[in-house]
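Results of the structural survey
Now for the letters of each chain:
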Amino acid sequence: MAAPLSVEVEFGGGAELLFDGVKKHQVTLPGQEEPWDVRNLLAWIKKNLLKERPELFLHGDSVRPGILVLINDADWELLGELDYQLQDQDSILFISTLHGG
Amino acid sequence: MCEVGEDYGEPSPGGLQPPRPGREQKCVKCKEGLPVVVIRAGDAFCRDCFKALYVHKFRAVLGKSRLIFPGEKVLLAWSGGPSSSSMLWQVLQVRLRRPQGAACGQSATDRAKTLAEMKQVLRALGFPWHIVALEEVFGLPPTVLRRPAPAPGPVGTGPAYKAAVDHFLQQRCALGAGREEQLSHPGPREPQSPAVLPTATQTEALCRLFGSVKTLTAKEELLQTLRTHLILHVARTHGYSKVMTGDTCTRLAIKLMTSLALGRGAFLAWDTGFADERHGDVVVVRPMREHTLKEVAFYNRLCAVPSVFTPAVDTKAPEKASIHRLMEAFLLRLQAQFPSTVSTVYRTSEKLLKAPRDGFAAGPPGPRCLLCMCVLDVDSADSATAFGAQTTSHGSPTQPPVPEAGAARGPCCCAWMGRPHSHREDARARVIEQLCYGCRVNLKDLPSLDCLPPYILAEAQLRSQRYLPTLGGLGGGFWVSIPTHLLPPGPGPSGRPRRTWTAMRRPGWVRAEPTGRQEPAGAPSPVCINKNILIRKLQSTWGRSADPRRAGGHGFLPQQHAGPAGPTPSPAST
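Here's what I pulled together on the structure shown here. Note that the structure is a prediction, hence the values are computed from the model and not measured. (Residues numbered from 1 in each chain as written. Chains lettered and ligands numbered in written order. Predicted model: local features only at pLDDT ≥ 70, side-chain atom pairs only at ≥ 80, totals over all residues. Heavy atoms only, no water.)

**A few points about the overall build of chain B**
Put simply, the test is: Strands here mean DSSP runs of E at least two residues long; helices mean DSSP runs of H or I at least four residues long; both are numbered from the N terminus. Each residue is placed in one exposure class: buried if its accessible area under a 1.4 Å probe, protein chains only, is under 20% of its type's maximum, exposed if it is over 50%, and partly exposed if it falls in between. Here, residues are in contact when the closest pair of their heavy atoms is within 4.5 Å.
Within chain B, the secondary structure is distributed over 18 helices and 10 strands. When the 574 residues of chain B are sorted by exposure, 50% land in the buried category. When contacts within chain B are restricted to residue pairs at least 6 apart in sequence, long-range pairs at least 24 apart make up 75% of them.

**A few points about the interface of chain A and chain B**
Where interface size is given, it is often the accessible area lost as the parts come together that is meant. Selection criterion: In short, buried area is how much 1.4 Å probe accessible area vanishes from two parts on joining, totalled over both. For salt bridges, the criterion is a side-chain nitrogen of Lys or Arg within 4 Å of an Asp or Glu carboxyl oxygen. Think of a polar contact as two N or O atoms within 3.5 Å of one another; within protein, one of them needs to be a possible hydrogen donor and the other a possible acceptor, and neighboring residues in sequence only count if both atoms come from side chains.
Counting residues at the interface gives 28 residues for chain A and 34 residues for chain B. Summing both sides of the interface, chain A and chain B together bury roughly 2,700 Å²; the carbon and sulfur share of this comes to 58%. Summed over the shared surface of chain A and chain B, the result is 4 salt bridges. With its nearest N and O atoms 3.3 Å apart, the salt bridge here joins B:Arg301 to A:Asp73. Counting across the chain A and chain B interface gives 6 residue pairs in polar contact (both at pLDDT 80 or more).

**Topic: the packing of aromatic side chains**
The line we're drawing: Within 6.5 Å between ring centres, the rings of Phe, Tyr and Trp (the latter by its six-membered ring) count as paired, and their orientation is classed by plane angle as stacked under 30 degrees, edge-to-face over 60, tilted in between.
For the coordinates displayed, the defined rule picks out 8 aromatic pairs over all chains. Taking the centre distance of 5.3 Å and the plane angle of 85 degrees together, the rings of A:Phe19 and A:Phe57 count as edge-to-face. Of this pair, A:Phe19 sits in the loop between strand S1 (5-12) and strand S2 (24-29) while A:Phe57 sits in the loop between helix H1 (38-48) and strand S3 (58-59), and the two are 38 residues apart along the sequence. Comparing A:Phe19 with A:Phe57, the two get one shared label, buried. Centroid distance B:Tyr54 to B:Tyr299: 4.0 Å. Interplanar angle 10 degrees. Geometry classified as stacked.

**Regarding helix H14 (residues 423-432) of chain B**
Selection rule: Of all possible arcs, the one meant is that of the directions from the helix axis to the C-beta atoms.
What H14(B) keeps buried is the set B:Arg428, B:Ala429, B:Val431 and B:Ile432. Looking straight down H14(B), one finds that the buried residues subtend no more than 160 degrees of arc, so they occupy a single side.

**Focus on the sheet that holds S1(A)**
Within a sheet, neighbouring strands are paired by backbone hydrogen bonds and run either parallel or antiparallel to one another. Condition: Think of it this way: DSSP has to see at least two bridges between two strands before they count as a pair. Think of each axis as a best-fit line through the C-alpha atoms, taken over the contacting stretch in the case of a helix, with angles from 0 to 180 degrees between the N-to-C directions.
The mixed open sheet is built from 5 strands, whose spatial order is S2-S1-S7-S5-S6 (chain A). With partners counted over all chains shown, the strands left at the sheet margins are S2 and strand S6 (74-75) of chain A, one partner each. As paired elements, strand S5 (residues 67-71) of chain A and S6(A) share 2 bridges and run antiparallel to each other. From the neighbouring strand, A:Ile71 faces S6(A), where its bridge partner is A:Ala74. Packed on one face of the sheet, H1(A) meets S1, S2, S5 and strand S7 (91-96) of chain A and runs near 110 degrees to S2(A). In this fold helix H10 (residues 293-302) of chain B packs onto S1, S5, S6 and S7 of chain A, with an angle of close to 40 degrees to the strand it touches most, S5(A).

**What about the environment of B:Val144?**
Residue and element names in this part refer to chain B. Within the secondary structure layout, Val144 lies in the loop between strand S5 (129-133) and helix H4 (159-175). Judged by relative accessible area, which is 2%, Val144 ranks as buried. Excluding anything up to four places from it in sequence, Val144 contacts His229, Leu232, His233, Arg236, Met373 and Tyr455.

**Let's talk about the pairing of S7(A)**
Residue and element names in this part refer to chain A. Of all 6 residues making up S7, 6 are buried, and the element is well covered by its neighbours. Side chains Ser91, Leu93 and Ile95 project from S7 onto one buried face, and the interleaved Ile92, Phe94 and Ser96 project onto a second face that is buried too. Pairing geometry for S1 and S7, over 5 bridges, is parallel. Directly across from Glu8, in S7, lies its bridge partner Ser91. Relative to S7, S5 runs antiparallel, the two being bridged by 5 bridges. Across the sheet, Ile71 pairs through a bridge with Ile92, a residue of S7.

Printed below as a string of structure tokens:
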């Protein structure tokens, strides 16, 4: 049984357009059976935060290629990508590299 | 082969994928710090090493090229996006000993707010800056499309580079210290043009232009072209001989593949290379070409580089909305599974040559495309025949059935004589025959040329009056006969795909006598072969030959004397 988590989810590089233009979201993830990992977080974001065009943010289980994910200012590839277990007060940043030049 | 959408599943253990780096590893460079970013395939860097590497790459790319000289005026093209913002930041950090200006482009959305943000960033930079709105293309002069001779700047590689730099600096000192001070003044300067926001008429004209373009692909290409012209104009007006753009490695790889799909294969070296000298006096350099988008995004985050987000024509467009988007999705998905994809494509672009190896450059340069200003890769006279007929949508019952593009059937006047032409169709044909293959195909998605900015139409008009008498000579193209062994085997392609390499036309009057290959009289088969390779081979044997037939082809060409019969075709030569 995972306790509720409070994390900060931030969007940049144009990804905020899919979230009503709001860049920073302080979210409280409800307690649930399984521990919260990034995979579950993405599903939660899709259900609760994403306002439009899920295919521009998600691709299957993971984020769309071209979207960079930073967890506490570190590359998520170093932390296990989707399998990283979220901690309280973590900061997850999604930067879209696809837009702009 | 790889397919988009195909799921490759988990990588096989010990197979193609390198082992994933974890946090327990140390930075690959200093072996001490905690890694924060993975770049390339599996290299984890700590914060400081990553920053150092990033800046080092920028300096190395500039230093290696030996194109930029101390004290030279350089214009930095800033779109507000992360890559060009990062480039601006780099220039600031590296403190290049040269005066820079920043020119940024804007499109018509959320203007005031974006403008305010941009001004804030630009003021903080300390460079002189100019904000140009895209609407200003409607006020550009036709001289933008002309290619002046390159300025006699210093050139040199190797040991000659240092001597060239010294010479350059001495020349600048001779011009006067006062001017030097003015150029290197660090204080921010307000833009030269007092009216930054464009007029409503211009905005409306721009909206009409982009509204009339049928496909997103053509819109994006048109936007790119107009932006380039605008930046060129700013650079020339303010005396900048170099322009830096923020094209990253990822973007250039996508651009390379997209250009191939758009029929711009002949110009890949200019579109994706480090230096683009097609404009003559202004050279466009791409110092960010060794950085991937991931590195740029990470660096911008680490160093809090300010950037301004502006929605573009393809914002929120679905994946298959345009060729650019499709190619981007394809490459990035492939990159996710095979991390060396982008760098492989990018490295290929580095190997592209600009000039053919054997002294073809000794001949006079051909005419240039009206829009992209690259040397034309199609025979200008094609506009009178099959391809041009398809492009300009001429229809006439008296016209013989049009064969595959590139084939010449009988007198090429068939497309022109025997029916009245409207002024509009003439104007369109006039513009199209001055475009390269890629630009022609893009222009097919623009039903009416009236919406184009006036400088394009004016220059097209001018060139059609200037170039026509010389089309049969050295400028526009030439008839050659093709020895058998240079032809592709088998019959000519029947269903020629729309976007392919250029076709060389076979003349009717000089015919290679191929062994075992029957040519019906007056109807040579189309040939798809790289024109430059062919020209080199032929010139080494025969040199150029004028086509006397062309005199009768166009209704408006002066009658030319029947030239020499040309070289005797000899299939066994070369």
